Amino acid sequence: GSDPDTGNLLTFRISPTLPGVVLNPTNALTANRPNPTSFTYSYTAQRADEGKAISVLMSVADNGSPSLSASQTFVINVNKQDPTIAIAPLGNTKTVRENDVLTFTATAADNGEIDTFTATGLPSFCSQSKAGNVITITCRPGPTNGGRSYNLTFTATDKAGGTRTENVTVVV
């Protein structure tokens, strides 16, 4: 905003007020110019706003007589983000002897956005139990399973469609 009348104070407003909004004066505030004539507007998108189009009204008014004002409406389109999905490090290889028991746990995290978490490729001597985003694998290989490697795949998918995969080899 600008005002050709010297000495008038400008008041900038934004509606609606959103978390993450910052208004900063773009010109230097000095004793000769205590009234900023322009501002930059910045907005840090919030997770709750993903996928939304937010209509924002920015206005400026002076304190002159008569008061002059101007306004502009614009839209902020907040794209859906694909947050980083994490599967807790499992290590590449798990080793177990015949007739022993191997138990390990895989955990997926994505700020509460995990949609599915699966373990595939389990040999017949391994079982899985699942509680939320945690999968516990228990392997009990017999004498006929020795001398082999078995590849297991853990896959987490978030609600935005992002995917993360971790592979683990069980060596008997």
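The sections below set out a description of the structure shown in this document.

## Overview of the overall build of the protein chain
Reasoning step 1: Per the secondary structure count, the protein chain includes zero helices and 13 strands.
Reasoning step 2: The N-to-C order of helical and strand elements in the protein chain reads β-β-β-β-β-β-β-β-β-β-β-β-β.
Reasoning step 3: Relative to its full complement of 172 residues, the protein chain shows a buried share of 31%.
Reasoning step 4: Nonlocal contacts in the protein chain, meaning residues at least 24 apart in sequence, comprise 58% of its contacts between residues at least 6 apart.
Reasoning step 5: Total accessible area on the protein chain stands at roughly 10,300 Å², and carbon and sulfur atoms take up 48% of it.

## Comments concerning the sheet that holds strand E11 (residues 134–139)
Reasoning step 1: Taken together, the four strands give an open sheet; going across it, the order is E6-E8-E11-E10, and neighbouring strands pair in antiparallel fashion. Each edge of the open sheet is held by one strand with a lone partner, namely strand E6 (86–87) and strand E10 (126–131).

## Observations concerning the state of the cysteines
Reasoning step 1: Throughout the structure, instances matching the rule amount to one disulfide.
Reasoning step 2: With a sulfur-sulfur separation of 2.1 Å, Cys-126 is cross-linked through a disulfide to Cys-139. Negative torsions about the S-S bond denote left-handed disulfides, and the value of about 105° found for Cys-126 with Cys-139 makes this one right-handed. Highlighted residues: Cys-126 in strand E10 and Cys-139 in strand E11, separated in sequence by 13 residues.
Reasoning step 3: Accessibility expressed as a relative area gives 0% for Cys-139, which makes it buried.

## Let's talk about the pattern of salt bridges
Reasoning step 1: In this structure the tally under the stated criterion is two salt bridges.
Reasoning step 2: Its salt-bridge partner being Arg-97, residue Asp-100 comes within 3.8 Å of it at the nearest N-O pair.
Reasoning step 3: With relative accessibility at 35%, the residue Asp-100 sits in the partly exposed group.
Reasoning step 4: For Arg-97, a relative accessible area of 63% translates into the label exposed.

## Considerations on the packing of aromatic side chains
Reasoning step 1: Tallied over the entire structure, the rule returns three aromatic pairs.
Reasoning step 2: Geometrically, the ring pair formed by Phe-104 and Phe-154 is edge-to-face, given 6.2 Å between the ring centres and 70° between the ring planes. With a gap of 50 residues between them, Phe-104 in strand E8 (residues 102–109) and Phe-154 in strand E12 (residues 149–158) connect regions that are remote in the sequence. Take Phe-104 and Phe-154: they sit in the same class, and that class is buried.
Reasoning step 3: Their ring planes at 35° and their centres at 6.4 Å tell us that Phe-117 and Phe-154 sit as a pair that is tilted. With Phe-117 in strand E9 (residues 114–120) and Phe-154 in strand E12, this residue pair connects regions lying 37 residues apart in the sequence.
Reasoning step 4: On the accessibility criterion, Phe-154 (0% relative accessible area) is buried.
Reasoning step 5: Over the face of the ring belonging to Phe-104 we find Lys-94, whose NZ or CZ atom lies 5.2 Å from the ring centre.

Parameters at a glance
Residues numbered from 1 in each chain as written. Predicted model: local features only at pLDDT ≥ 70, side-chain atom pairs only at ≥ 80, totals over all residues. Heavy atoms only, no water. Helix = DSSP H or I, 4+ residues; strand = E, 2+ residues; numbered from the N terminus. Buried < 20%, exposed > 50% of the residue type's maximum accessible area, 1.4 Å probe, protein only. Contact = heavy atoms within 4.5 Å. Areas by Shrake-Rupley, 256 points an atom, 1.4 Å probe, with all protein chains shown as cover. Pairing = 2+ DSSP bridges. Disulfide = S-S within 2.5 Å. Salt bridge = Lys/Arg side-chain N within 4 Å of Asp/Glu carboxyl O. Phe/Tyr/Trp six-rings, centres within 6.5 Å; stacked < 30°, edge-to-face > 60°. Lys NZ or Arg CZ within 6 Å of the ring centre and 35° of its normal.

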